Amino acid sequence: KNQVEQSPQSLIILEGKNCTLQCNYTVSPFSNLRWYKQDTGRGPVSLTIMTFSENTKSNGRYTATLDADTKQSSLHITASQLSDSASYICVVRANTGNQFYFGTGTSLTVIP
Amino acid sequence: EAGVTQSPTHLIKTRGQQATLRCSPISGHTSVYWYQQALGLGLQFLLWYDEGEERNRGNFPPRFSGRQFPNYSSELNVNALELEDSALYLCASSLAGTVFFGPGTRLTVL
């Protein structure tokens, strides 16, 4: 069964600290994996996309990693800011048709 | 290029009523996905439409239904509303491996 699981479900960190969010998937065949940031009450916005051949990709203070062998991805946030408070959603695309599988997200709260 | 649009932004209904939510995908996108995001919970997959047909359905009761029109826009209908249907309903469209989300419709059931 194709699934995407994210952990932790929620996370609270101090401003300026680093954190890592995890995404494990069983989607097969794998096409790509995206991390989205969703501010409260708004639609998710794409942060990064990882394909099978990529194992690290950065977007400012966000760095995503992908291990296609273990089917794991992580999103590392460096020097967190209050504006990083949001839900982070992992989305995996299967390589058959246009089917996407969504994790339920990690809720991150950055406090001063 | 306009993004995914949804209407209305907010919708307030009472228990037992019916709600209709609308979504217009990005021009050229043929797939539309609907998700429910209840307060404090993650995204829950509702429905996937592609080329006018329902391709997949999440674990929701039959009172959640929808359709996709020839211009690829979509409607989500929720019948016999219950209090727990209160949530943000997100629509997303995709083409060639990229998913774009709309801003969502906030449904409140009183």
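So, here's what we can say about the structure. In this convention, every chain numbers its residues from 1, walking through the sequence in written order. Chains and ligands are labelled sequentially in the order written, the chains with letters from A and the ligands with numbers from 1. Local features in this predicted model are restricted to residues of pLDDT 70 or higher, and side-chain atom pairs are both shown and tallied only at a pLDDT of 80 or more, whereas totals for entire chains, interfaces and linings draw on every residue. To obtain the side-chain values, all non-hydrogen atoms of the structure were used and water was disregarded.

What about the nonpolar core?
One broad trend across soluble globular proteins is that nonpolar side chains are buried collectively.
And then number 1: The biggest cluster of nonpolar side chains holds 26 residues, and the ones touching the most others in it are Val4(A), Tyr25(A), Leu33(A), Trp35(A), Leu75(A), Tyr88(A) and Val92(A).
And then number 2: A run of DSSP states H or I qualifies as a helix once it reaches four residues; a run of E qualifies as a strand once it reaches two. Both are numbered from the N-terminal end. Put simply, the parts of the chain that give this core at least two residues each are strand S3 (19-25), strand S4 (30-38), strand S5 (45-51), strand S7 (62-67), strand S8 (72-77), strand S9 (86-94) and strand S11 (106-111) of chain A.
And then number 3: Any two residues whose heavy atoms approach within 4.5 Å are treated as being in contact. For Leu33(A), the residues in contact, after removing those within four places along its chain, are Cys23(A), Tyr25(A), Thr48(A), Ile49(A), Met50(A), Leu66(A), Ser73(A), Cys90(A), Val91(A) and Val92(A).
And then number 4: Remark: nonpolar core denotes a set of buried residues (Ala, Val, Leu, Ile, Met, Phe, Trp, Tyr, Cys) joined through side-chain atoms within 4.5 Å. Burial classes: relative accessible area under 20% of the type maximum marks a residue as buried, over 50% as exposed, and values in between as partly exposed (1.4 Å probe, protein chains only). Formed by 22 residues, the second largest nonpolar core is a distinct cluster that contains Ala19(B), Cys23(B), Phe64(B) and Leu107(B).

Let's talk about the state of the cysteines
Residue and element names in this part refer to chain A.
And then number 1: Two cysteine sulfur atoms make up a disulfide if the distance between them is within 2.5 Å. For the structure shown, the criterion picks out 2 disulfides over all chains.
And then number 2: Across the disulfide, Cys23 is cross-linked to Cys90 (sulfur-sulfur distance 2.0 Å). Torsion about the S-S bond of the Cys23 and Cys90 cystine: about -65°, corresponding to left-handed handedness. Here Cys90 lies in strand S9 and Cys23 lies in strand S3, a separation of 67 residues in the sequence.
And then number 3: Here Cys19 stays free of any disulfide, with the sulfur of Cys23 as its closest cysteine sulfur at 15 Å.
And then number 4: Overall, Cys19 belongs to the buried group, its relative accessible area being 5%.

Some remarks on the interface of chain B and chain A
And then number 1: Across the boundary between the two partners, chain B contributes 22 residues, which contact 17 residues of chain A.
And then number 2: Put simply, buried area is how much 1.4 Å-probe accessible surface two parts lose in total, over both of them, once they are put together. Taken together, both faces of the contact between chain B and chain A bury some 1500 Å²; the carbon and sulfur share is 53%.
And then number 3: Counted as salt bridges are all cases of a side-chain nitrogen of Lys or Arg within 4 Å of a carboxyl oxygen of Asp or Glu. Scanning the region where chain B abuts chain A turns up 0 salt bridges.
And then number 4: Throughout this description, a polar contact denotes any pair of N or O atoms lying within 3.5 Å of each other; where both atoms belong to protein, one of them has to be capable of donating a hydrogen while the other can accept it, and for residues adjacent in sequence the pair is counted only when both atoms sit in side chains. Linking chain B to chain A there are 2 residue pairs in polar contact (both at pLDDT 80 or more).
And then number 5: Sorting the residues of the side of chain B that touches chain A by element identifies strand S4 (31-37), strand S5 (44-50), strand S9 (87-95) and strand S10 (98-101) of chain B as the ones contributing at least two each.
And then number 6: Polarity classes work like this: nonpolar for Ala, Val, Leu, Ile, Met, Phe, Trp, Tyr, Cys and Pro, charged for Asp, Glu, Lys and Arg, and polar for all others, with Gly in that last group. Partitioned by chemical class, the residues of the side of chain B that touches chain A number 11 nonpolar, 10 polar and 1 charged.

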